[in-house]
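Residue-level listing of the chains:
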Amino acid sequence: MLEELKQAVLEGEQDKATELTEKALSEGVGAEKILNEALIAAMDIVGAEYERGDRYVPEMLISAEAMKGAMGVLRPKLAEAGVKARGKVVIGTVEGDLHDIGKNLVVMMLEGSGFEVEDLGIEVPADNFVEAVREHKPDILGMSALLTTTMVYMPEVIKALQDAGLRDGVKVMLGGAPVNREYSDKIGADGYAPDAASAVELAKKLMPQG
Ligand code: B1M
């Protein structure tokens, strides 16, 4: 059944993935086993296929949606079982920027890979990033920007984190079409990812257990 569930996520069949997750749970399969052996296993394949160029964004999106459906059923069970997330990420699109399709994809892929994600949405001011870091104590803060006019807001958020004395306790990860590694290094972020699959790889690397 887990193999069938993995296939449903790979094919992007949301209803089937949700039903199979419910069925697996009702037949006594553990939530963590379902997560690791079917859902995360499928998203690992999705990420690898995307990086090889064997899968395009829309196909990645439908798999992520299928994963999301299954996670809706699984999440409460995981919480009950006390399954620890791989890490916690606070993420948002920066002030002045309302592009969120790519950021949402990153969120889905991160969740699909076992991260707990607090999504602050779009047009997030520096103060809100700072507040969220204070409140949620994430391992990673992710910022997305799609405009050359808004990516310049990223260093302001980093400065606000420094001013609040929070920068040392959180890794900062950047993404979005106009951003690149050089810019990320220049403004003192901890990493940049060009797409959702590499965002997951980067997030794993930024965790202390790396
Ligand atoms: Co806008 N827009 N847009 N837009 N828009 C762009 C970005 C643009 C390149 C189009 C163009 O001119 N060719 C251009 C920016 C030019 C520039 O600054 N260099 C542009 C512009 C100018 C504008 C407006 C200013 C237009 C206007 O009103 N005059 C305006 C700005 C509004 C604002 O933000 N204040 C605007 C508005 C819009 C819409 C509302 C119509 C819509 C957004 C809808 C939404 O997001 N809910 C929109 C769209 C859809 C686009 C394009 C067509 C597509 C963006 C997208 O979703 N790509 C875009 C042109 C293009 O890219 N071809 C364009 C698909 C998505 C999966 O990719 O977002 O790159 P992407 O995300 C990737 C990676 O970047 C990475 O992973 C994702 C998945 O692989 N990634 C991360 C993203 N965030 C990450 C975070 C990470 C790690 C990786 O870690 C934290």
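Residues numbered from 1 in each chain as written. Predicted model: local features only at pLDDT ≥ 70, side-chain atom pairs only at ≥ 80, totals over all residues. Heavy atoms only, no water.

*Asks:* In this structure, what is going on with the overall build of the protein? I would like to understand it.
*Replies:* If you tally the helices and strands in the protein, you get ten helices and five strands. Relative to the compact-globule value of 17 Å for 210 residues, the protein shows a C-alpha radius of gyration of 17 Å, a close match. Here the protein holds 210 residues, and the buried ones make up 51% of them. Sequence separation of 24 or more characterises 72% of the internal contacts of the protein that already satisfy a separation of 6 or more. A total of about 10000 Å² of accessible surface is found on the protein, and carbon and sulfur atoms cover 49% of it. (Helix = DSSP H or I, 4+ residues; strand = E, 2+ residues; numbered from the N terminus. Rg over C-alpha atoms; globule rule 2.2 N^0.38 Å. Buried < 20%, exposed > 50% of the residue type's maximum accessible area, 1.4 Å probe, protein only. Contact = heavy atoms within 4.5 Å. Areas by Shrake-Rupley, 256 points an atom, 1.4 Å probe, with all protein chains shown as cover.)

*Asks:* What should I look at first to understand the sheet that holds strand β2 (residues 115-119) in this one?
*Replies:* Hydrogen bonds between backbone atoms are what pair the strands of a sheet, whose relative direction is either parallel or antiparallel. With parallel pairing, the five strands of this open sheet are ordered in space as β2-β1-β3-β4-β5. Of all strands in the sheet, those bounded by a partner on one side alone are β2 and β5 (191-192). Where helix α6 (residues 126-136) meets the sheet, its contacts fall on β1 (87-93), β2 and β3 (140-144), and the angle it forms with β1 comes to roughly 165°. (Pairing = 2+ DSSP bridges. Axes fitted to C-alpha atoms, helices over the stretch in contact; angles between N-to-C directions.)

*Asks:* Please explain the site of the ligand as it appears in this structure.
*Replies:* Taken together, 28 residues lie near the ligand, and Leu 98, His 99, Asp 100, Ser 144 and Thr 148 sit nearest. With respect to the ligand, the backbone of Gly 96 contributes an N or O atom lying 2.9 Å from a nitrogen atom. Ile 101 places a main-chain nitrogen or oxygen 3.5 Å from an oxygen atom of the ligand. Listing elements by their share of the shell around the ligand, those giving two or more residues are α5 (101-112), β3, β4 (171-175) and α10 (196-206). Across the shell around the ligand, the residue classes break down as 17 nonpolar, eight polar and three charged. (Near = heavy atom within 4 Å. Polar contact = N/O pair within 3.5 Å; in protein donor to acceptor, adjacent residues only side chain to side chain. Nonpolar A, V, L, I, M, F, W, Y, C, P; charged D, E, K, R; others polar.)

*Asks:* Please explain the pattern of salt bridges as it appears in this structure.
*Replies:* When charged atoms on two side chains of opposite charge get close, those side chains can pair. Tallying each qualifying case throughout the model produces eleven salt bridges. A salt bridge links Glu 37 to Lys 33; the nearest nitrogen and oxygen atoms lie 3.3 Å apart. Here Glu 37 pairs with Lys 33, and both are found in helix α3 (residues 31-52), just four residues apart, close to one helical turn. For Glu 37, a relative accessible area of 41% translates into the label partly exposed. In this structure, Arg 52 and Asp 54 form a salt bridge, with 3.0 Å as the shortest nitrogen-oxygen distance. (Salt bridge = Lys/Arg side-chain N within 4 Å of Asp/Glu carboxyl O.)

*Asks:* Whenever I open this one, the coordination of the cobalt atom of the ligand confuses me. Can you help?
*Replies:* Tetrahedral coordination by four donors sets the ideal angle at the metal to 109.5 degrees; octahedral coordination by six donors sets it to 90 or 180 degrees. The protein supplies the cobalt atom of the ligand with one donor atom, His 99 (NE2), which lies at 2.2 Å. Structurally, His 99 can be placed in the loop between β1 and α5. (Donors = N, O, S within 2.8 Å, 3.2 Å for Na, K, Ca; no water.)

*Asks:* How do you make sense of unusual backbone geometry when you look at a structure like this?
*Replies:* As a rule of thumb, non-glycine residues mostly have phi less than zero, and peptide bonds are mostly trans rather than cis. Look at Glu 123: it is not a glycine, yet its phi comes out positive at around 45°. Within the secondary structure layout, Glu 123 lies in the loop between β2 and α6. Overall, the relative accessible area of 39% leaves Glu 123 in the partly exposed class.

*Asks:* What is the right way to look at the environment of Ala 203 in this model?
*Replies:* On the secondary structure map, Ala 203 appears in helix α10. Once residues lying within four places of it in the same chain are set aside, the contact partners of Ala 203 are Leu 110, Phe 115, Ile 140 and Met 173.

*Asks:* Sorry, what's going on with the nonpolar core here?
*Replies:* Across soluble globular proteins, you tend to see nonpolar side chains buried next to one another. By size, the foremost hydrophobic cluster in this structure holds 49 residues, and its most contacted members are Leu 39, Leu 74 and Leu 110. The set of elements that each furnish at least two residues to this core consists of α1 (2-11), α2 (14-26), α3, α4 (57-81), β1, α5, β2 and α10. Looking at which element gives the most residues to this core, the answer is α3, with ten residues. Of the residues that make up this core, three or more belong to each of domain 1 (2-80) and domain 2 (88-206). Those residues in contact with Leu 110 that lie beyond four places of it in its chain are Val 89, Phe 115, Val 117, Ala 199, Val 200 and Ala 203. (Core = buried A, V, L, I, M, F, W, Y, C linked by side-chain atoms within 4.5 Å. Domains from an automatic or database assignment.)

*Asks:* When you look at α3 in this model, what are you seeing that I'm missing?
*Replies:* An α-helix turns once per 3.6 residues; consequently, residues spaced three or four apart project the same way. The terminal C-alpha atoms of α3 lie 30 Å apart, and with 22 residues this matches the ideal 32 Å at 1.5 Å per residue to within 8%. Along α3, the helix axis deviates most sharply at Ile 40, where the bend reaches about 30°. Of the residues flanking the end of α3, it is Gly 53, one or two places downstream, whose phi is positive at about 85°. (Expected span 1.5 Å × (residues − 1). Bend = angle between axes of the 7 residues up to and from the residue.)

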